[in-house]
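Here is how the chains run, residue by residue.
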Amino acid sequence: MARLSMRSADIKPSPVREMLNVSQRPGMISFAGGLPSPETFAGLALPPPPRELLQYGPTEGEPALRERIALDLAELGLDTSPDRVMVLSGSQQGVDLAAKLVIDAGTALAVESPAYLAALQVFRFYGARFQIIDRSAPGAGWGETPPSMAYVIPTFQNPSGHCWTAEERQAMAAACRARDVILFEDDPYRDLVYAPCDRRPVCADMAGGSWIYQGSFSKTVAPGLRLGYLTASPDLFPLLVQLKQAADLHTNRLSQWMVLQYLNDPGRAQRMEQVRDLYRRKRDAFADALTRHLGDRASWTLPPGGLFFWLTLADGVDVEVLLQRCVERGVLFTPGAHFLAEGGASSTMRLNFSLAEPEAAERGLAVIGALLRG
Ligand SMILES: Cc1ncc(COP(=O)(O)O)c(C=O)c1O
């Protein structure tokens, strides 16, 4: 039998990737993934890239793209510069690099619950032990031995859609600074904003502390390009570059070039406005359909941004059984239990509203509502 590492013994199939496979079946209505609407790709005019980009490139990324990203990040209040920006092969890579940097078997990690499930999966893989963050009193419970790192998505969280208040953001930064906890802020949804909300990065208030801030072009440009970026405090940045070098040498240069064209396009702001308008309309139509079909069976709040509704069903509803019955009828969603850091059962579910056309969303929600009514 092949001799594998101890951590490989714990590898489990990803529930989301499995569902993505099911969602490819013809006719499926999927609320399960976090896929952008293909309509948003239509406004992208991407010319063919220069041939010299077929050569190997720098680990940190293309200099012109790093410069452009640094300008945008500095405007958000982050203490950064082009030489402290690294382009990633998707922001999922940033999760992996941060985990490699910080986590040994048993390392304490502060996370929200629910939290982004593919990050929880990576952290578990490296052996993290989770402490749940209380947003109203972060740091309360950190006691003698605070966690090594806190992982947060303060703006339009995946899966809850929640956006932290200014006070919650300041309290989190203060707690991390006071106890030398690395703050890892994951911010892929910040530009998908549909209602006023404080979006100042928590890392902007981490002066003197250790922090990692990352973003993604997956939700605003195209996920198939696999492009994200991070910036970090000076103590961590060079270490993350070395880990990236060991992982993949550098990010795809053709994608970097394409995204740079997009960022420098004078039509960029207008295109983002159109993307936000489209998603706001989809969110509102989805909320109406939810009220019609699940209004008496579930509760939720209207997400001010991002791509998801988080639903709480009556106690005792077996969401896994509901999912199986939905799949038989061609409808997919993600059970909320997958997002819980502490594990266990949950009568919650995450529904993505960006992918399905309104008419399909209506049909899919009608199926879920009918099954819930028995
Ligand atoms: C919170 C969060 N972080 C990271 C990612 C990974 O995104 P990507 O690798 O496409 O940039 C996602 C994807 O849905 C996400 O929701």
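An unreviewed UniProt entry annotates the protein as DNA-binding transcriptional MocR family regulator of Caulobacter rhizosphaerae. Its UniProt record, at the heading Cofactor (unreviewed entry), says of the protein: "pyridoxal 5'-phosphate".

(A) Region of the structure containing the site of the ligand. Near the ligand there are 13 residues, and of these Asp186, Tyr189, Ser216, Ser218 and Arg226 occur at the shortest range. A distance of 2.6 Å is found between an oxygen atom of the ligand and a side-chain nitrogen or oxygen belonging to Ser218. Side-chain polar atom of Arg226 to an oxygen atom of the ligand: 2.7 Å apart, as the coordinates give it. Against a free-state accessible area of 400 Å², the protein chains account for coverage of 92% of the ligand. For the shell around the ligand, the per-class residue count stands at 4 nonpolar, 6 polar and 3 charged.

(B) View of the domain arrangement of the protein. Domain annotation of the protein identifies domain 1 (7-42 + 269-373) and domain 2 (58-264). The C-alpha-based centres of domain 1 and domain 2 are spaced at 24 Å. Opposite the 32 residues of domain 1 that make contact, domain 2 presents 32 residues. Per-residue buried area on domain 1 facing domain 2 is highest for Pro304, Phe339 and Ala341; these three make up 22% of the total on that side. Summed over the shared surface of domain 1 and domain 2, the number is 0 salt bridges. For the interface between domain 1 and domain 2, the tally reads 15 residue pairs in polar contact (both at pLDDT 80 or more). Mapped onto the side of domain 1 that touches domain 2, the elements with two or more residues apiece are helix H1 (15-23), helix H8 (268-294) and strand S10 (308-313). The dominant element in the side of domain 1 that touches domain 2, judged by the number of residues it contributes, is H8, at 7 residues. Among the residues forming the side of domain 1 that touches domain 2, the class breakdown is 18 nonpolar, 6 polar and 8 charged.

Calculation criteria
Residues numbered from 1 in each chain as written. Predicted model: local features only at pLDDT ≥ 70, side-chain atom pairs only at ≥ 80, totals over all residues. Heavy atoms only, no water. UniProt positions renumbered as here; feature names shortened; annotations may be inferred. Near = heavy atom within 4 Å. Polar contact = N/O pair within 3.5 Å; in protein donor to acceptor, adjacent residues only side chain to side chain. Areas by Shrake-Rupley, 256 points an atom, 1.4 Å probe, with all protein chains shown as cover. Nonpolar A, V, L, I, M, F, W, Y, C, P; charged D, E, K, R; others polar. Domains from an automatic or database assignment. Contact = heavy atoms within 4.5 Å. Buried area = accessible area lost by both parts, 1.4 Å probe. Salt bridge = Lys/Arg side-chain N within 4 Å of Asp/Glu carboxyl O. Helix = DSSP H or I, 4+ residues; strand = E, 2+ residues; numbered from the N terminus.

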